[in-house]
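Read off the chains here:
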Amino acid sequence: IASCNWDSNEESDSASTLLEEEFGNGGFNESFRTIMQGTMCVIGRAGKSLERASDALGMGPVPLGGTIGDLDCNIGGTPGSCSESSAVIQYSPAGGSEFQFMALSGTEDIVTLNGARITSSMGSFPLFNEDVCSVGSRVFVFLLPTDT
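Criteria and thresholds
Residues numbered from 1 in each chain as written. Predicted model: local features only at pLDDT ≥ 70, side-chain atom pairs only at ≥ 80, totals over all residues. Heavy atoms only, no water. Buried < 20%, exposed > 50% of the residue type's maximum accessible area, 1.4 Å probe, protein only. Helix = DSSP H or I, 4+ residues; strand = E, 2+ residues; numbered from the N terminus. Phe/Tyr/Trp six-rings, centres within 6.5 Å; stacked < 30°, edge-to-face > 60°. Pairing = 2+ DSSP bridges.

Asker: Even after reading the chapter, I still don't get unusual backbone geometry, so can you show me in this structure?
Answerer: Most peptide bonds take the trans form, and the phi angle of most residues other than glycine is negative. If you check the backbone angles, N114 has positive phi at about 50° while not being a glycine. Residue N114 is classed as partly exposed on the basis of its relative accessible area of 47%. A positive phi angle, close to 70°, is found at E130, a residue other than glycine. Tracing the chain through its elements places E130 in the loop between β7 (125–127) and β8 (132–135). For E130, a relative accessible area of 54% puts it in the exposed group.

Asker: Would you explain the packing of aromatic side chains in this entry?
Answerer: For any two aromatic rings, the description comes down to two numbers: the centre-to-centre distance and the angle of the planes. Applying the stated criterion to the full structure yields two aromatic pairs. When the ring of Y91 is compared with that of F99, the centres are 5.5 Å apart and the planes differ by 70°; the resulting orientation is edge-to-face. Residue Y91 is classed as partly exposed on the basis of its relative accessible area, which comes to 38%. Connected via pairs of aromatic rings, a cluster forms that spans Y91, F99 and F142.

Asker: What should I look at first to understand the pairing of strand β4 (residues 97–103) in this one?
Answerer: Consecutive side chains of a regular strand alternate in pointing toward one face of the sheet and then the other. Of all seven residues in β4, five are buried; the element is thus mostly enclosed. Taken together, the six bridges between strand β3 (residues 87–94) and β4 define a ladder with antiparallel strand orientation. Among the inter-strand pairings, V88 is bridged to a residue of β4, identified as M102. The turn linking β3 back onto β4 is made up of two residues, and G95 within it adopts a positive phi angle of 60°. Direction of pairing for β4 relative to β7: antiparallel, over a ladder of three bridges. By the bridge assignment for β7, F101 is matched with F125.

Here you go:
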């Protein structure tokens, strides 16, 4: 925020408030977690129809990292920041990794792996522990369980 050239303090304060609401104090959003339970995890943002259905059924807002409809992991964030099926993490041992990461839409959604944008035409990429991924407005770290 400090590096942006705002026209007024009001704009800066508004942006700070919105970012803090979305990502928590200091930019860390501890509440965004999900566990992959099958061989495939579809990642995206719940659309308006899923949000309305969730409210109508008395379930309240769709939780971050939660499952609803065909969406295995709702990334939340700004409405329209990505589609409901933006990316997928798949258990498929290849390329030295047991997991693969792939964008599902062409260039409509912003999907990155370790800072590099990927699209569906590029195929899948091996996913390793602590790789940094982004889907829409959400950035997250892929973590594998530690052996106990």
